[in-house]
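# A structural walkthrough
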Amino acid sequence: MAQEDIFKKLVAHCKEYGFVFQSSEIYDGLGAVYDYGQNGVELKNNIKKYWWDSMVLLHENVVGLDSAIFMHPTIWKASGHVDAFNDPLIDNKDSKKRYRADVLIEEQLAKIEDKINKEIEKAAKRFGDAFNEQQFRETNLRVLENQQKWDALHNRFAKALNDGNLDELRQIIVDEEIVCPISGTRNWTEVRQFNLMFSTEMGSTADGAQKIYLRPETAQGIFVNYLNVQKTGRMKIPFGIAQIGKAFRNEIVARQFIFRMREFEQMEMQFFVKPGTELDWFEKWKTTRMNWHQALGFGAENYRFHVHEKLAHYANAAVDVEYKFPFGFKEVEGIHSRTDFDLSQHEKYSGKKIRYFDPELNDSFVPFVVETSIGVDRMFLQVLSAAYCEEQLENDMRVVLKIPPMLAPVKLAVLPLVKKDGLPEIARQIIDDLKFEFNCQYDEKDSIGKRYRRQDAIGTPFCVTVDNQTPEDNSVTIRYRDTMTQERVSISELSGIIGKQVSYKNLFAKI
Ligand code: GAP
């Protein structure tokens, strides 16, 4: 099945099984804003716990913070967001549709890349085991021609972005003959910058209300609390501050479901280091974060680093961790060496000294910062994209979410085989005993096969069935989601078996 079709099915599945709903759906929805349902919120909380504990529990020099969404408006002036947090936009005069100019060009690059990949796939099929991809890339004329096209376009695009040259961005769109997908024409306006921050007002108009912004990243809440945390926590450099919270961006191209939203959640960690050591720490955090992703077991080949061509105004090095979504490799997380830009700017704008006194140097300095920043929602989509499987069975078909057991919304379902002979009571008792440890679900409706399918569809890793043998010897069957194999075990063993598999320790050991 085509990857786009799988993605459409995944989106429908998310709604059908209570993972994600369109916000304000009964009023026809609100663009690029989503709500998480009964299963979605559990998965989201588990992802957040995996991240939080991997930062704060595993690193004695990383502590947490929960700063407010509303902040003093000067913070956004100091951080550069008022002046530079922009997207280059272009309109098609016929369809009146607005696009991000950089996204149109990136899509053109992706088309060329697709052509190359198709040639490679065809050749790989033709030559089988004897296929040497590198040699093919270096010698096949069609691949070489497309690679040259890609390189030329890429260099021109990167230069235009780095120079902030909006006319050149438009010229690339014209030269590449990029058409509007709606009108099919090339009737484009100029490219303009558009600020992505939402603003609102605080206080009544009579008092002279103050314009404030909804934060577009959680990081600034960490920077402005650097001194508070460092002093009250007696933190010694290097140390980090981690935070999970909502962020808001008035995204123009909001697409691909929860991949790009206007209200979303970030998990960010700012690591404060001695100037000159930041690039070493940048490398260390790159490794740690890639290990965190790959520990989930979705296949190392599905992840890659993407080095930034255009560095953000605050960075001296930056990479993205990309995952192979059904719509291609895309960013899940950003890792940035942010220099001392933010703290220095806040020193300048607030007039307060934001320094670290180093007793070894007997001197003070503005710390440099390495940031890891990942979107909760994007990570959620990554997990579901990787977990969604359609499996053909002997007489049946099943949709199963192979979510790692630690992240699964429901850990076990307890199912009495029949609704009589005291089996429901035993099933309830099992849940009463285990509910303090695991999120459990009771289900007695329909055939056992249908009940298994319902649990597969929400990714429940264990189904425990209470049958006629249970009252005799206190044993039940435990069914494993991925293999569908069943084992007879004693009720007293359940906590141990399940506990071992859902423990985050299994993941942490791999980081
Ligand atoms: N503090 C740095 C920062 O915010 P970013 O690359 O703009 O960097 C970090 O964002 C992460 O936040 C991204 O890798 C992505 O996972 C998530 N993110 C950013 N914009 C998003 C959006 N509109 N919707 C969902 N997630 C988003």
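Let me begin by describing the structure that accompanies this report. Since we're looking at a predicted model, the values are computed, not measured. (Residues numbered from 1 in each chain as written. Predicted model: local features only at pLDDT ≥ 70, side-chain atom pairs only at ≥ 80, totals over all residues. Heavy atoms only, no water.)

When helices and strands are counted, the chain shows 18 helices and 23 strands. Overall, the C-alpha framework of the chain stretches about 75 × 65 × 55 Å when taken along its three principal axes. Within the chain, the proportion of its 511 residues that are buried is 49%. In the chain, the proportion of contacts linking residues at least 24 apart, taken out of those at least 6 apart, comes to 65%. Total accessible area on the chain is roughly 25100 Å²; 49% of this is exposed by carbon and sulfur atoms. (Helix = DSSP H or I, 4+ residues; strand = E, 2+ residues; numbered from the N terminus. Buried < 20%, exposed > 50% of the residue type's maximum accessible area, 1.4 Å probe, protein only. Contact = heavy atoms within 4.5 Å. Areas by Shrake-Rupley, 256 points an atom, 1.4 Å probe, with all protein chains shown as cover.)

The α-helix winds at 3.6 residues per turn, so residues separated by three or four positions along the chain end up facing the same way. Its 12 residues place the ends of helix 14 (residues 423-434) 17 Å apart at the C-alpha level, agreeing with the 16 Å of an ideal helix rising 1.5 Å per residue. Listed as buried for helix 14 are Leu423, Pro424, Ala427, Ile430, Ile431 and Leu434. Along helix 14, the residues classed as buried sweep out an arc of 120° about the axis, all on the same side. Check the buried side of helix 14 and you find it contacts strand 19 (412-416), strand 20 (440-442), strand 21 (462-466), helix 16 (470-473), strand 22 (475-480) and helix 17 (494-502). (Expected span 1.5 Å × (residues − 1). Arc of directions from axis to C-beta.)

We now examine the side chain of Thr470. Relative to the helices and strands, Thr470 is located in helix 16. Under the relative-accessibility criterion, Thr470 is labelled buried at 0%. Contacts of Thr470, omitting those with residues within four sequence positions, involve Ile426, Ser475, Val476, Arg488 and Ile491.

What follows deals with the site of the ligand. Near the ligand you find 22 residues, and of these Glu217, Met261, Glu268, Glu331 and Val332 are the closest. The side chain of Glu331 places a nitrogen or oxygen atom 2.5 Å from an oxygen atom of the ligand. About the coverage of the ligand: the protein hides 93% of its 560 Å² of free accessible area. Broken down by secondary-structure element, the contributors of at least two residues to the shell around the ligand are strand 10 (263-273), strand 13 (328-339) and strand 16 (368-375). For the shell around the ligand, the element with the highest residue contribution is strand 13, accounting for 6 residues. Classifying every residue of the shell around the ligand gives 7 nonpolar, 5 polar and 10 charged. (Near = heavy atom within 4 Å. Polar contact = N/O pair within 3.5 Å; in protein donor to acceptor, adjacent residues only side chain to side chain. Nonpolar A, V, L, I, M, F, W, Y, C, P; charged D, E, K, R; others polar.)

Right, let's get into the packing of helix 2 (residues 38-57) against helix 13 (residues 376-387). Relative to each other, helix 2 and helix 13 sit at 110°, their axes nearing to 10 Å. It follows from the interaxial angle that helix 2 and helix 13 lie roughly perpendicular. Residues Gly40, Leu43, Lys44, Ile47 and Lys48 of helix 2 pack against Val376, Asp377, Met379, Phe380, Val383 and Leu384 of helix 13. (Axes fitted to C-alpha atoms, helices over the stretch in contact; angles between N-to-C directions. Parallel < 35°, antiparallel > 145°, perpendicular 65-115°, else oblique.)

Turning next to the side chain of Arg398. Position of Arg398 relative to the elements: it lies in strand 18 (residues 397-401). Among the residues examined, Arg398 registers a relative accessible area of 1% and is labelled buried. There is a polar contact of 3.4 Å between the side chain of Arg398 and the backbone oxygen of Asp482. Filtering out sequence-adjacent residues up to four positions away, Arg398 remains in contact with Cys389, Glu390, Glu391, Leu393, Arg453, Asp456, Arg479, Arg481, Asp482 and Met484.

Turning next to the packing of helix 7 (residues 141-163) against helix 8 (residues 166-175). For the pair helix 7 and helix 8, interaxial distance at closest approach is 9 Å and the crossing angle is 155°. Between helix 7 and helix 8, the angle falls in the class roughly antiparallel. Taken together, the residues of helix 8 that come into contact with helix 7 (itself represented by Leu153, Arg156, Phe157, Ala160 and Leu161) are Glu168, Leu169, Gln171, Ile172 and Asp175. Here the contact of helix 7 with helix 8 is built from residues that sort into 6 nonpolar, 1 polar and 3 charged.

This part is about unusual backbone geometry. Of note, the bond from Ile237 into Pro238 is cis; its omega dihedral lies within 30 degrees of zero at 5°. Here Pro238 is to be found in the loop between helix 10 (226-232) and strand 9 (239-248).

Overall, mixed pairing links the 5 strands, which are arranged 20-19-21-22-23 in an open sheet. The sheet is open, and its two edges are formed by strand 20 and strand 23 (486-490), each paired on a single side. Sheet twist, expressed as the average angle between the axes of neighbouring strands with direction ignored, equals 25°. Summarising the sheet, strand 21 and strand 22 pair through 4 bridges and their orientation is antiparallel. What sits directly across from Cys463, in strand 22, is Arg479. Against the sheet, helix 15 (residues 448-458) contacts strand 19, strand 20, strand 21, strand 22 and strand 23, and its axis sits at roughly 170° relative to strand 19. Of the strands in this sheet, strand 19, strand 21, strand 22 and strand 23 touch helix 17, which is tilted by about 20° from strand 22. (Pairing = 2+ DSSP bridges.)

Our next topic: the sheet that holds strand 3 (residues 62-65). The strand order across the open sheet formed by 7 strands is 3-9-10-16-13-12-11, and the pairing between neighbours is mixed. Edge strands, defined here as strands with exactly one partner in the open sheet, are strand 3 and strand 11 (303-307). Neighbour-to-neighbour, the strand axes of this sheet turn through a mean angle of 25°, independent of strand direction. As paired strands, strand 3 and strand 9 are joined by 4 bridges and run parallel to one another. Bridge pairing in strand 9 links Val63 to Ile241. Sitting on the sheet, helix 11 (residues 278-294) is in contact with strand 10, strand 11, strand 12 (317-325), strand 13 and strand 16, with an inclination near 150° to strand 13.

Before going further, it helps to spend a moment on the environment of Met197. Tracing the backbone through its elements, the reader meets Met197 in the loop between strand 6 (192-195) and strand 7 (199-202). Look at Met197 and you get buried, because its relative accessible area is 9%. As for Met197 and Gly40, which are separated by 157 residues in sequence, their C-alpha atoms are 27 Å apart. In this structure Met197 touches Trp76, His81, Val82, Phe85, Tyr213 and Pro216, once residues within four positions along its chain are discounted.

With that settled, consider the pattern of salt bridges. Applying the stated criterion across every chain yields a total of 37 salt bridges. One salt bridge in this structure joins Arg142 and Glu119, with 3.0 Å as the shortest N-O distance. Residue Arg142 is located in helix 7, and its partner Glu119 is located in helix 5 (residues 101-127); the two are separated by 23 residues in the primary sequence. Classification of Glu119 as buried rests on a relative accessible area of 14%. In this structure, Asp456 engages Arg453 in a salt bridge whose closest nitrogen and oxygen atoms are separated by 3.4 Å. One end of the pair is Asp456 and the other is Arg453, both in helix 15 and 3 residues apart, which spans about a single turn. (Salt bridge = Lys/Arg side-chain N within 4 Å of Asp/Glu carboxyl O.)

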